[in-house]
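Each chain is listed here by its residues.
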Number of protein chains: 2
Amino acid sequence: MFQNIRAYYFRLMPHLTEAEWQALEERLTIKIYIKGDHIVKQGEVCNQVYFINSGFLRFYKIIDGKEISTGFMGANQYVSSYDSFLTRKPAFENLQALEDAELHCLSYDDMQFLYKQYPVYQMFGRVIAEQLFIWVNERTNALLLLSPEQRYENMINNQSEVLQRVPQYMLASYIGVTPEHLSRIRKKMMGR
Amino acid sequence: MFQNIRAYYFRLMPHLTEAEWQALEERLTIKIYIKGDHIVKQGEVCNQVYFINSGFLRFYKIIDGKEISTGFMGANQYVSSYDSFLTRKPAFENLQALEDAELHCLSYDDMQFLYKQYPVYQMFGRVIAEQLFIWVNERTNALLLLSPEQRYENMINNQSEVLQRVPQYMLASYIGVTPEHLSRIRKKMMGR
DNA sequence: TATACTTCTTAACATTTATCAAAGGGAAAT
DNA sequence: ATTTCCCTTTGATAAATGTTAAGAAGTATA
């Protein structure tokens, strides 16, 4: 049932015991979403962290009536409106299934329980937060230091799965340009 | 000697014991930097986390021969080239004292020791990483969703200390525009 | 199949921001 | 007091990106 997420945890924490794992496993729930469904809506507090067993998700928000995609995640990744989850404040973003998805869910209360009862999960929380920090930090640098064209090239080189699964107009807003401009960038890059 | 950082830790972890604190305290070292000094240089691995007891620091990097400031930090803040510290890879950024500074330092090895020996510090590492994530996440959103003018307004409202301590051309690169353009933004905002 | 719908492309034009150059102002040094 | 240096402002021009509108290509739906 939980092979993928189990492998994920044991890879991250090789010394995790079966007892510790079971304390987690018995708190996991499974949710199925179909394409287009919302897992978290802007304005709600996010009460879960999700492990993507299968499917493909995105974060997006509406600004001035326009959709702006802010992240894409596929199978075997952890995902959450983590700032909302941590601060217990309403989420700024929507989390949506771009393809049918099976998620394994852990609630905020259960996670706090695990933190308290099993110190090893403090380490898990630390490593997750560290990875998220590293990831967001890279994204900030890309937005501050690279041109839209360079950001698109980065995606081609490092996130080709996203390119294949996501319509171009979502990509455009993720890169920080209009769909029309991304189209021009692609044309300009054709020769290479 | 270590009142400030001590208060910081106990505020973050009210149940910290004296024994746990002392294990940390005896591993702290003090370093003094004068205005202009580099604490971490681009290309070096960052081996310390720093607590700013006094002074003012910035991160910056050189791109195409131009300086771009990527962060400013003042007293009673934690600071580190944290992605380099975590990944043990060379830092992408320079960390520099903009004013004379006294830093309290903890090495990577000592931190790993504390993580292993005192589980409470796993929680500390988690909370630090979580705070960093929330902070960088906000910055990403500002860069993706706000205009340069709005980003400058944000700094006026939320980081006025930075405005007072940092020359305008450093601010400009932090906001993501040229110094000339920031000057025009300021002119345009004069009326309000 | 026909129709509607969504996405992508293209073009003309508008706006924002960068670049380059020069001048002004203030602080530190002589 | 004068000079020098660094920072900021200003102006003219150029480059990058957004906006609007239209059409093309592909896909789902009746």
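Model, not experiment: these values are computed from the prediction. Each chain has its residues counted from 1, following the order in which its sequence is written. In the order they appear in the text, chains get letters beginning with A and ligands get numbers beginning with 1. For a predicted model such as this one, the threshold for reporting local features is a pLDDT of at least 70, and the threshold for listing and counting side-chain atom pairs is 80 or more; totals across whole chains, interfaces and linings nevertheless cover every residue. Hydrogen atoms and water are omitted, and side-chain values are computed over all heavy atoms in the structure.

Engineer: Got a minute to help me understand the relation of the copies chain A and chain B in this structure?
Structural biologist: Put simply, the two copies of the chain differ by a rotation about an axis and a shift along that axis. We superpose the copies by least squares over the C-alpha atoms of residues that have a pLDDT of at least 70 in both of them. Between the two copies, chain A and chain B, the superposition gives an RMSD of 0.0 Å; the rotation angle is 180° and the shift along the axis is 0.1 Å. Taken together, these values place the two copies in the relation of a two-fold axis. The position closest to the rotation axis in chain A is occupied by the C-alpha of R126 of chain A, lying 1.9 Å away. Comparing interface residues between copies, 100% of those in chain A also lie at the interface in chain B; the contact surface is shared. Any two residues whose heavy atoms approach within 4.5 Å are treated as being in contact.

Engineer: What exactly am I supposed to notice about the interface of chain A and chain B here?
Structural biologist: When the parts of a complex come together, some accessible area is lost, and that lost area is often used as the size of the interface. In this assembly, 32 residues from chain A lie in contact with 32 residues from chain B. Of the roughly 2700 Å² buried where chain A meets chain B, counting both sides, 73% is carbon and sulfur surface. On the chain A side of the interface with chain B, the three residues burying the most area are R126, F133 and L144 of chain A, jointly 24% of the side's total. The term salt bridge refers to a side-chain nitrogen of Lys or Arg lying within 4 Å of a carboxyl oxygen of Asp or Glu. On inspection of chain A and its partner chain B, the count reaches zero salt bridges. Pairs of N or O atoms within 3.5 Å make up the polar contacts considered here, provided that, within protein, one atom can donate a hydrogen while the other can accept it, and that residues adjacent in sequence are counted only when both atoms are side-chain atoms. Between chain A and chain B we count seven residue pairs in polar contact (both at pLDDT 80 or more) in total. Counting from the N terminus, the helices are the DSSP runs of H or I reaching at least four residues and the strands are the DSSP runs of E reaching at least two. Looking at the side of chain A that touches chain B, the elements that each hand over two or more residues are β3 (48-63), β4 (66-73), α3 (82-87), α5 (120-145) and α8 (168-175) of chain A. For any pair of parts, buried area is found by adding up, for both, the accessible area (1.4 Å probe) each one loses once the two are put together.

Engineer: Please clarify how the side chain of E20 of chain A should be interpreted in this entry.
Structural biologist: Within the secondary structure layout, E20 of chain A lies in helix α2 (residues 18-25). Those residues in contact with E20 of chain A, other than ones at most four positions away along the chain, are H15, Y118, V120 and Y121 of chain A.

Engineer: What is the right way to read the nonpolar core from this model?
Structural biologist: It is characteristic of soluble globular proteins that their nonpolar side chains tend to be buried jointly. As used here, the term nonpolar core means buried Ala, Val, Leu, Ile, Met, Phe, Trp, Tyr and Cys residues forming a set that is joined through side-chain atoms within 4.5 Å. Three exposure classes are used, based on accessible area relative to the maximum for each residue type with a 1.4 Å probe and protein chains only: buried under 20%, partly exposed in between, and exposed over 50%. Counting 96 residues, the largest nonpolar core has Y9, L57 and Y121 of chain A together with Y9, L57, Y121 and F124 of chain B as the members making the most contacts within it. Top contributing element to this core by residue count: α5 of chain A, with ten residues. Once residues within four sequence positions are removed from consideration, Y9 of chain A is found in contact with L16, W21, L24, Y78, Y121 and F124 of chain A.

Engineer: Hey, could you run me through helix α8 (residues 168-175) of chain B in this one?
Structural biologist: Given 3.6 residues per turn, any residue in an α-helix points the same way as the ones three and four places further on. All names here are of chain B. In terms of residue burial, α8 counts as a mostly covered element, since six of its eight residues are buried. Three or more residues of α8 are buried, namely M170, L171, A172, S173, Y174 and I175. Just downstream of α8 lies G176, where phi reads positive at about 100°.

Engineer: Explain the protein's contact with DNA strand C here, please?
Structural biologist: Lining the immediate environment of DNA strand C, one finds 16 residues, of which Q168, Y169, S183 and K187 of chain A together with P148 of chain B sit closest. The protein-proximal atoms of DNA strand C, defined as those within 4 Å of the protein, are 81% sugar or phosphate. Between DNA strand C and the protein, one listed contact pairs a phosphate oxygen with a side-chain N or O atom of H181 of chain B at 3.4 Å. Mapped onto the surface near DNA strand C, the elements with two or more residues apiece are α8 and α9 (179-189) of chain A together with α9 (179-189) of chain B. For the surface near DNA strand C, the leading source of residues is α9 of chain A, giving five residues. Any residue that is not Ala, Val, Leu, Ile, Met, Phe, Trp, Tyr, Cys, Pro, Asp, Glu, Lys or Arg is counted as polar, Gly included; the first ten are nonpolar and the last four charged. Looking at side-chain class alone, the surface near DNA strand C contains four nonpolar, five polar and seven charged residues. Only heavy atoms are used to decide nearness, and a residue is near a molecule or strand if one of them lies within 4 Å of it.

Engineer: Even after reading the chapter, I still don't get the environment of G74 of chain A, so can you show me in this structure?
Structural biologist: Residues and elements named next belong to chain A. For G74, the position within the fold is in the loop between β4 and β5 (78-79). Sequence spacing of G74 and L103 is 29 residues, and the spatial spacing of their C-alpha atoms is 11 Å. Apart from the residues within four sequence positions on either side, G74 is in contact with I52, G55 and F56.

Engineer: Help me understand the pairing of strand β3 (residues 48-63) of chain B in this model?
Structural biologist: Along a regular strand, successive side chains alternate from one face of the sheet to the other. Residue and element names in this part refer to chain B. With 13 of 16 residues buried, β3 is to be regarded as a mostly interior element. In this analysis, strands are considered paired if DSSP registers two or more bridges between them. In this structure, β3 lies alongside strand β6 (residues 94-107), joined through eleven bridges in antiparallel fashion. Following the sheet pairing, I52 is matched in β6 by L103. Two strands pair when backbone bridges link them, and β3 and strand β5 (residues 78-79) are joined in this way by two bridges, in the antiparallel orientation. Its bridge partner being in β5, F51 is matched across the sheet by Y78. By the bridge criterion, seven bridges tie β3 to strand β4 (residues 66-73) in an arrangement that is antiparallel.

Engineer: It is not clear to me how helix α1 (residues 3-12) of chain A should be interpreted in this structure. Could you clarify?
Structural biologist: For α1 of chain A, the complete set of buried residues consists of I5, Y8, Y9 and F10 of chain A. Structurally, α1 of chain A contributes buried residues whose contacts are with α2, β3, β5, β6 (94-107) and α5 of chain A.

Engineer: Can you help me understand the packing of helix α1 (residues 3-12) of chain B against helix α2 (residues 18-25) of chain B in this one?
Structural biologist: All names here are of chain B. Orientation is described by lines fitted to C-alpha atoms, with helices fitted over the stretch in contact, and by angles between N-to-C directions that extend from 0 to 180 degrees. Between α1 and α2, whose axes approach to 12 Å, the crossing angle comes to 135°. By the angle class used here, α1 and α2 are oblique. Relative to α2, α1 is oriented so that their crossing is right-handed. Side by side, α1 and α2 meet where I5, R6, Y9 and F10 of the first sit next to E18, W21 and L24 of the second. Grouping the amino acids of the contact of α1 with α2 by side-chain chemistry returns five nonpolar, no polar and two charged. Here the angle decides the label: under 35 degrees means roughly parallel, over 145 means roughly antiparallel, 65 to 115 means roughly perpendicular, and every other value means oblique. Crossings are sorted by hand: turned counterclockwise from the far helix by less than a right angle, the near helix makes the crossing left-handed, and turned clockwise it makes it right-handed.

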